[in-house]
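# A closer look at the structure
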Amino acid sequence: RNHRSHIECRGDINRLNAHFLEIYESLIPPEEEKEKQKQLMALLNKHVTNEWPKAQLFLYGSCANSFGFRKSDIDVCLAMGDADVDKSEILLRLADILKSDNLENVQALTRARVPIVKLMDPITGISCDICVNNMLAVVNTKLLLDYSKIDVRLRQLAFIVKHWAKSRGVNETYQGTLSSYAYVLMCIHFLQQRTPSILPCLQGMEVTYKVNVDNVECCYFDQVEKLQGFGSRNGESIAQLVWAFFNYWAYCHDYTNDVISIRMGSLISKREKDWTRRIGNDRHLICIEDPFEVSHDLGRVVDKRSIRVLREEFERAAEILQYDPNPCVKLFEPY
Ligand code: ATP
Ligand code: MG
């Protein structure tokens, strides 16, 4: 498998920069979409504070971590202050309240893995999922957003990778492939590993931000405006990085022994995490450590069949980027 770990990139790779940047620009949400999100949040806030004066609403996920595409749904977390609430009860009550306003398709899904209320706002056209007390997701959203402010190449790379994953059908956790969140962690790790590095390891620096969520201590350096220019000693272009990213996951990553960890800013071993055996449904065939819930492997959705699909897609992408005369068409071809 690792037969191509030292392959050289094609000489004309930078020809692709303009194509990748064009795709990136075309996927960025326009300003008016952000305005509509705020409008919907204000409406939801009004209802929530009316019913639960101490509760708070937070945006999380791709609508708040800077890695969201245009026309995405939004993810909202209702923080109740009290950790011991009955989530189903709250969600059913919330659904009743929102039904009586102008919102459409309001549904409480209380038996889902993450119980939510779904709805569509006909005024802004935005669909939204609301969950209860999922504060770790709110905090990991802030971590991703902070990383995105350090070097624009992270956002560019993650957009290209997400766009590739969605086009190729490998961004479906219920089919055993990876979440968008997992792909962004892979991009952060990859940029931490370049020489010179393009991203620092924020959790390995002085602590300027600290919260305790569900008994997990979340702390890191969040004064990222002080890290402007951090990656400027590395002059790699977006096309070179996209090429190297797929080359890494196709031919260089050691799937048998390694875990990627943005918390450590390096690879760590499966052995030290005790992720070498299958336990229950956790197979650990590709290991991506959550930055805060460190016992959580984002690769745990991947099974024997889908690891093959994923690795074949990484290899396909690497081959196209290496040899195809017109890689941008082929790379994003619908599966
Ligand atoms: P998309 O643009 O595809 O909707 P997204 O960033 O909203 O992307 P999701 O994978 O839907 O990505 O996840 C939404 C948010 O939920 C993530 O940003 C993250 O904060 C949190 N999240 C998702 N999956 C996990 C997970 N397995 N463990 C911890 N947090 C997660
Ligand atoms: Mg989402």
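Residues numbered from 1 in each chain as written. Chains lettered and ligands numbered in written order. Predicted model: local features only at pLDDT ≥ 70, side-chain atom pairs only at ≥ 80, totals over all residues. Heavy atoms only, no water.

## Details of the domain arrangement of the protein
The cut-off we apply is this: Segment limits for the domains were obtained from an automatic or database-derived domain assignment. As used here, buried area is the combined drop in accessible area, with a 1.4 Å probe, of two parts when they are placed together. Whenever Lys or Arg places a side-chain nitrogen within 4 Å of a carboxyl oxygen from Asp or Glu, that contact is recorded as a salt bridge. Identification of polar contacts relies on pairs of N or O atoms within 3.5 Å, with a donor-acceptor requirement for protein atoms, meaning one able to donate a hydrogen and the other able to accept it, and with residues adjacent in sequence counted only if both atoms are side-chain atoms. Put simply, DSSP H or I for four residues or longer makes a helix, DSSP E for two residues or longer makes a strand, and each gets a number counted from the N terminus. Here the nonpolar group is Ala, Val, Leu, Ile, Met, Phe, Trp, Tyr, Cys and Pro; Asp, Glu, Lys and Arg are the charged ones; every other residue, Gly included, is treated as polar.
Per the domain assignment, the segments making up the protein are domain 1 (2-27 + 150-203 + 231-331) and domain 2 (31-136). The centre of domain 1, based on its C-alpha atoms, is set 31 Å off from the matching centre of domain 2. A buried area of about 880 Å², summed over both sides, lies between domain 1 and domain 2, and 69% of it is on carbon and sulfur atoms. Ranking the residues of domain 1 by area buried against domain 2 places Leu27, Phe159 and Lys162 at the top, with a combined share of 44%. Counting across the interface, domain 1 meets domain 2 through zero salt bridges. The tally of links between domain 1 and domain 2 comes to four residue pairs in polar contact (both at pLDDT 80 or more). Here the side of domain 1 that touches domain 2 gets seven residues from one element, more than from any other, and that element is helix 5 (residues 152-168). Broken down by class, the residue content of the side of domain 1 that touches domain 2 amounts to six nonpolar, two polar and five charged.

## Topic: the sheet that holds strand 9 (residues 266-269)
Whether parallel or antiparallel, the strands of a sheet pair through hydrogen bonds between backbone atoms. The cut-off we apply is this: For two strands to count as paired, DSSP must find a minimum of two bridges between them. Here, two residues are considered to be in contact whenever any of their heavy atoms come within 4.5 Å of each other. Lines fitted to C-alpha atoms define the axes here, with helix axes fitted over just the stretch in contact, and angles between the N-to-C directions of these axes take values from 0 to 180 degrees.
Here three strands make up an open sheet; going across it, the order is 9-8-10 and the pairing mixed. The sheet is open, and its two edges are formed by strand 9 and strand 10 (287-288), each paired on a single side. With two bridges joining them, strand 8 (residues 258-261) and strand 10 adopt parallel strand pairing. From the neighbouring strand, Val259 faces strand 10, where its bridge partner is Cys287. On top of the sheet, helix 6 (residues 180-193) reaches strand 8, strand 9 and strand 10; it is set at about 90 degrees to strand 8, its chief contact.

## Concerning empty space enclosed by the protein
This is how the line gets drawn: The pocket and cavity definitions rest on a 1 Å grid over protein atoms only: a 1.4 Å probe that fits but cannot leave marks a cavity, an open set with protein on both sides within 12 Å along at least five of seven lines marks a pocket, and residues lining either have an atom within 4 Å of a point. Grid points are joined across faces, edges and corners, and a volume is the space filled by probe spheres set on the points.
The final tally for this structure, using the stated rule, is one cavity of 30 Å³ or more. Estimated volume of the largest cavity: approximately 60 Å³. Lining of the largest cavity is provided by Pro29, Glu33, Lys34, Gln37, Ser62, Cys63, Gly68, Phe69, Ser72, Asp73 and Ile74. The element contributing the most residues to the lining of the largest cavity is helix 2 (residues 31-51), with three residues. Residue composition of the lining of the largest cavity, by class: four nonpolar, four polar and three charged.

## Brief notes about the nonpolar core
Short version of the rule: What makes a nonpolar core is a set of buried Ala, Val, Leu, Ile, Met, Phe, Trp, Tyr and Cys residues whose side-chain atoms join them at distances within 4.5 Å. Note on exposure labels: buried denotes an accessible area under 20% of the residue type's maximum, exposed denotes more than 50%, and partly exposed covers the range between, all computed with a 1.4 Å probe on protein chains only.
In this structure, Phe20, Trp164, Met186 and Phe246 are the most contacted members of the largest nonpolar core, which totals 76 residues. For this core, the element with the most residues is helix 7 (residues 238-252), which contributes twelve residues. A domain split of this core shows at least three residues from each of domain 1 (2-27 + 150-203 + 231-331) and domain 2 (31-136). In this structure Met186 touches Leu178, Phe245, Trp249, Ile260, Ile286, Ile288 and Phe314, once residues within four positions along its chain are discounted.

## Overview of the environment of Val114
With respect to the helices, strands and loops of the structure, Val114 is situated in the loop between strand 3 (104-109) and strand 4 (116-121). As a C-alpha pair, Val114 and Ile279 span 165 residues in sequence and 22 Å in three-dimensional space. With residues near it in sequence (within four places) discarded, Val114 still touches Cys131 and Asn134.

## Concerning the pattern of salt bridges
Across all of its chains, the model carries 18 salt bridges by this definition. The closest approach of N and O atoms between Arg10 and Asp12, which form a salt bridge, is 2.7 Å. Taking relative accessible area as the criterion, Arg10 reaches 13% and is therefore assigned buried. A relative accessible area of 34% means that Asp12 is categorised as partly exposed. Two residues, Glu35 and Lys38, come together in a salt bridge whose shortest N-O distance is 3.6 Å. Placement of both Glu35 and Lys38 in helix 2 is noted, with a separation of three residues, approximately one turn of the helix. Overall, the relative accessible area of 44% leaves Glu35 in the partly exposed class. Within the structure, one salt-bridge network assembled from shared partners comprises Lys142, Asp146, Lys149 and Asp222.

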